[in-house]
Amino acid sequence: QVQVAESGGGLVQPGGSLRLSCAASGSILSINTMGWYRQVLGKQRELVATITSGGRTDYADSVKGRFTITRDNAENTVYLQMNSLKPEDTAVYYCYVVLVTTTPYSTRRSYWGQGTQVTVSS
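Residues numbered from 1 in each chain as written. Predicted model: local features only at pLDDT ≥ 70, side-chain atom pairs only at ≥ 80, totals over all residues. Heavy atoms only, no water.

Q: Before we move on, can you summarise the pattern of salt bridges with the specific residues and values?
A: Scanning the entire structure with this criterion turns up four salt bridges. Lys64 is paired through a salt bridge with Asp61; the nearest N and O atoms lie 3.2 Å apart. Put simply, Arg66 and Asp89 hold a salt bridge, and the shortest N to O gap is 2.8 Å. In this pair, Arg66 sits in the loop between β6 (57–59) and β7 (67–72) while Asp89 sits in the loop between β8 (77–82) and β9 (91–101), placing the two residues 23 residues apart along the sequence. Residue class for Arg66 comes out buried when judged on its relative accessible area of 11%. (Salt bridge = Lys/Arg side-chain N within 4 Å of Asp/Glu carboxyl O. Helix = DSSP H or I, 4+ residues; strand = E, 2+ residues; numbered from the N terminus. Buried < 20%, exposed > 50% of the residue type's maximum accessible area, 1.4 Å probe, protein only.)

Take a look at the structure:
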């Protein structure tokens, strides 16, 4: 059994900051890639940022220089620091985790968080 729990969303004014957190727990052997995606109602889910087990990062062009993705391997947690937020950043943000389970047997699987709403408005 694997659980992915995310938090940190909310309402913030333009130019403000938020920090999203996502922790994976349960029957986990190892975690590979972790990341964040976002989706606006009626539109396709898009990549925001990812980070590999080795620390390599990838960002969408729209968030480069404003967002920073990090991870804490000891806590199986990934973070997204969002600065200089804009109204167009408003979306539901989803945590994405690729990991290897230990139960019922060793298998590579991907998991999604439940989503957390980020609203940027004055």
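Q: An account of unusual backbone geometry is requested, with residue identities and associated values reported.
A: A positive phi is found at Asn76, a non-glycine position, where the angle reads about 50°. Its place among the elements puts Asn76 in the loop between β7 and β8. Positive phi outside glycine occurs at Ser84, with the angle close to 50°. Classification of Ser84 by relative accessible area gives partly exposed; the value is 42%.

Q: Before we move on, can you summarise the nonpolar core with the specific residues and values?
A: By size, the foremost hydrophobic cluster in this structure holds 31 residues, and its most contacted members are Trp36, Leu80, Met82 and Tyr93. Elements supplying a minimum of two residues to this core: β1 (2–7), β3 (18–26), β4 (28–39), β5 (46–51), β7, β8, β9 and β11 (116–120). (Core = buried A, V, L, I, M, F, W, Y, C linked by side-chain atoms within 4.5 Å.)

Q: Tell me about the sheet that holds β7, residues and numbers included.
A: Taking strand neighbours across the sheet as the criterion, the four strands line up as β1-β3-β8-β7 in an open arrangement whose pairing is antiparallel. Looking at the sheet topology across the chains shown, the edges are occupied by β1 and β7. Neighbour-to-neighbour, the strand axes of this sheet turn through a mean angle of 15°, independent of strand direction. Here six bridges tie β7 to β8, and the two strands are oriented antiparallel to one another. The residue bridging Ile69 from the neighbouring strand is Leu80, located in β8. (Pairing = 2+ DSSP bridges. Axes fitted to C-alpha atoms, helices over the stretch in contact; angles between N-to-C directions.)

Q: Outline the state of the cysteines, supporting the account with residue identities and numerical values.
A: In the structure shown here, the tally under the stated rule is one disulfide. The disulfide partner of Cys22 is Cys95, and the S-S distance across this bridge is 2.0 Å. The chirality of the disulfide connecting Cys22 with Cys95 is left-handed, given an S-S dihedral of about -85°. Taken together, the residues Cys22 in strand β3 and Cys95 in strand β9 connect sequence positions 73 residues apart. Look at Cys22 and you get buried, because its relative accessible area is 0%. By relative accessible area, which is 0% here, Cys95 ends up buried. (Disulfide = S-S within 2.5 Å.)

Purely spatial values, then, with no claim about function.
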